[in-house]
Amino acid sequence: MNKTRIKSILKRKNKEKITALTCYDYSFAKILDETGIDMLLVGDSLANVVLGLDETRNVSLGEMLNHTAAVSRATQRSLVIADMPYAAY
């Protein structure tokens, strides 16, 4: 099983379907990776969906890094992408 890379996504663009789903934790990442999903996004919606915060602007860089690390540990194939928290750059 090969790791999905940005170059392979760009090669496939406009030629075949590319799959992506949002994922926040190790368990779901493991399951989704095994299904062959191309990309997993750790979105800043983590603030609302997982942490129960009122706004996505309230999620910290540390929280995003923690969840991104968990998703990354679970994947062998999927490309992992993470949102940057509001005003973190």
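Numbers given for residues are sequential positions, taken from 1 along each chain in its written order. Restriction of local features to residues with pLDDT of at least 70 applies here, the model being predicted, together with a cutoff of 80 or more for giving and counting side-chain atom pairs; totals for whole chains, interfaces and linings are based on all residues. Excluded from the side-chain calculation are hydrogens and water; included are all heavy atoms of the structure.

(A) Region of interest: the environment of Gly62. Helix and strand assignments follow DSSP, with helices taken as H or I runs no shorter than four residues and strands as E runs no shorter than two, numbered in order from the N terminus. In this fold, Gly62 is placed in helix 4 (residues 61–74). Residues Gly62 and Asp38, 24 residues apart in the sequence, show an inter-C-alpha distance of 25 Å.

(B) Layout of the pattern of salt bridges. Put simply, a salt bridge is a Lys or Arg side-chain nitrogen that is within 4 Å of an Asp or Glu carboxyl oxygen. In the structure shown here, the tally under the stated rule is four salt bridges. A salt bridge links Asp38 to Arg77, with the shortest nitrogen-to-oxygen separation between them at 3.3 Å. Of this pair, Asp38 sits in the loop between helix 2 (26–35) and strand 2 (39–42) while Arg77 is found in the loop between helix 4 and strand 3 (79–82), placing the two residues 39 residues apart along the sequence. Each residue is placed in one exposure class: buried if its accessible area under a 1.4 Å probe, protein chains only, is under 20% of its type's maximum, exposed if it is over 50%, and partly exposed if it falls in between. Taking relative accessible area as the criterion, Asp38 reaches 3% and is therefore assigned buried.

(C) Local environment of the sheet that holds strand 2. When DSSP finds at least two bridges between two strands, those strands are taken to pair. The sheet built from three strands is open, its strands ordered 1-2-3 with parallel pairing. Here the strands that pair on one side only, and so sit at the sheet edges, are strand 1 (20–22) and strand 3. The average angle at which neighbouring strand axes cross in this sheet is 25 degrees, direction not considered. The sheet contact formed by strand 2 and strand 3 spans four bridges and is parallel. When the bridges of strand 3 are listed, Met39 appears paired with Leu79. Axis angles are defined between N-to-C directions and span 0 to 180 degrees, where every axis is a line fitted to C-alpha atoms and, for a helix, only to the segment in contact.

(D) Region of the structure containing the nonpolar core. Residues Cys23, Ala29, Leu40 and Val71 are the most contacted members of the largest nonpolar core, which totals 13 residues. Elements supplying a minimum of two residues to this core: helix 2, strand 2, helix 3 (46–49) and helix 4. Ranked by residue count, the leading element in this core is helix 4, at three residues. Take the buried residues of types Ala, Val, Leu, Ile, Met, Phe, Trp, Tyr and Cys, join any two whose side-chain atoms come within 4.5 Å, and each joined set is a nonpolar core.

(E) Local environment of unusual backbone geometry. Positioned with a positive phi, Asn14 is a non-glycine residue whose angle comes to about 65 degrees. Summarising the element assignment, Asn14 is placed in the loop between helix 1 (6–12) and strand 1. Taking the relative accessible area as the measure of exposure, Asn14 reaches 76% and is therefore exposed. With a phi angle near 65 degrees, Ala87 is a residue other than glycine that sits in the positive phi range. Considering the arrangement of structural elements, one finds Ala87 in the segment after strand 3. Ala87 sits in the exposed class, given a relative accessible area of 62%.

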